[in-house]
Amino acid sequence: MCDRALPPFRSAVSSTSGINLDEVYVVVPAYREAGVVAGTVGALARRFPHIVVVDDGSPDATAARACQAGAVVLRHPFNLGQGAALQTGIAYALEQGAHYVATFDADGQHAVADLEKMLEALIGNRLDVVLGSRFLGQPEGLPRVRLMALKTAVLFTKATSGLQLTDAHNGLRAMTAEAARKLESTQDRMAHASEIINQIGRLELRYREVPVTIRYSEYSLRKGQKVRGSVGILVDLLVGWLSR
């Protein structure tokens, strides 16, 4: 684990709406993101004092560069999957006394301003969970084949969870600590996203979607979930649903 003292100017930070950002822990799962993770952490660090990068067994310099950029880094000895990385980071945040936990992708697709907006919706409306939606916002550069895969995941998740959502696989989330304790994922890999939504429905948590911008770069598309992988997600979720 890389744990370093935070510079004085990053303590007791407040958002424009008065939210105490010192109460927020941002969890960033990362696998082979050495080229971009420092930029992601740096952008977050300008607003958020507590950034937790979970290096999911990367063979490159992901952990070192996240640490140098100012994050606390937790490391898996080998690759377990994004769901497992989130579980590790969220558990750490709760142990540290987080009041609110957010999840944020490492690859540069998400905007820090969107996360602040989601936290304001979470706290201002006394919700349990706020989910980012690229389809209420603006997906920049989203290929048609990826759009079809994401829409299929939305339909499946609506059918299994009963929640009327527009985006089922968005890594940008904000939740209270109480909600984070209740959301226990059993899916280590990418199917965790739909599993979280299913649990929100089952536990009857108060939730809302907020429009966010997702920026698809050549890098993020190369690294991101392929259509074949999206089919695998649906199979994983179907098996899990039938076995409940």
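Numbering of residues begins from 1 in every chain and follows the order in which that chain's sequence is written. Reporting in this predicted model follows two pLDDT cut-offs: at least 70 for local features of residues, and 80 or more for side-chain atom pairs to be given and counted; totals over whole chains, interfaces and linings ignore these cut-offs and use all residues. Values shown for side chains rest on all heavy atoms present in the structure; no hydrogens or waters enter the calculation.

## Observations concerning the overall build of the protein
And then number 1: Scanning the protein for helices and strands turns up 9 helices and 7 strands.
And then number 2: Among the 244 residues that make up the protein, the fraction classed as buried is 53%.
And then number 3: We call two residues in contact when some of their heavy atoms are within 4.5 Å. Taking contacts inside the protein between residues at least 6 apart in sequence as the whole, the part at least 24 apart equals 75%.
And then number 4: Using a 1.4 Å probe, accessible areas were evaluated by the Shrake-Rupley method; residue-level cover was limited to the displayed protein chains. Looking at the protein as shown, the accessible area adds up to about 11,200 Å², and 53% of this sits on carbon and sulfur atoms. Helix and strand definitions here come from DSSP, where helices need a minimum of 4 consecutive H or I residues and strands a minimum of 2 consecutive E residues; each element is numbered from the N-terminal end. Relative accessibility thresholds used throughout: buried, under 20% of the residue-type maximum; exposed, over 50%; partly exposed, between the two (1.4 Å probe, protein chains only).

## Overview of the side chain of asparagine 170
And then number 1: Relative to the helices and strands, asparagine 170 resides in the loop between α5 (144-161) and β6 (173-176).
And then number 2: Whenever two N or O atoms come within 3.5 Å, that pair is a polar contact, provided that in protein one can donate a hydrogen and the other can accept it, and provided that, for residues adjacent in sequence, both atoms are side-chain atoms. Polar side-chain contacts of asparagine 170 include one of 3.1 Å to the backbone oxygen of glycine 132.
And then number 3: In this structure the side chain of asparagine 170 is engaged in a polar contact, spanning 3.2 Å, whose partner is the side chain of aspartate 167.
And then number 4: When sequence neighbours within four positions are dropped, the list of residues in contact with asparagine 170 reads His110, Gly132, Ser133, Arg134, Val212 and Ile214.

## Side note on helix α1 (residues 37-45)
And then number 1: When we look at burial in α1, the residues that qualify are Val37, Thr40, Val41, Leu44 and Ala45. Projected down its long axis, α1 carries its buried residues within an arc of 130°, all on one side.
And then number 2: Next to the buried residues of α1 lie β1 (24-30), β2 (50-56), α2 (62-69) and α4 (112-124). Summarising the geometry, the arc corresponds to the directions from the helix axis toward the C-beta atoms.

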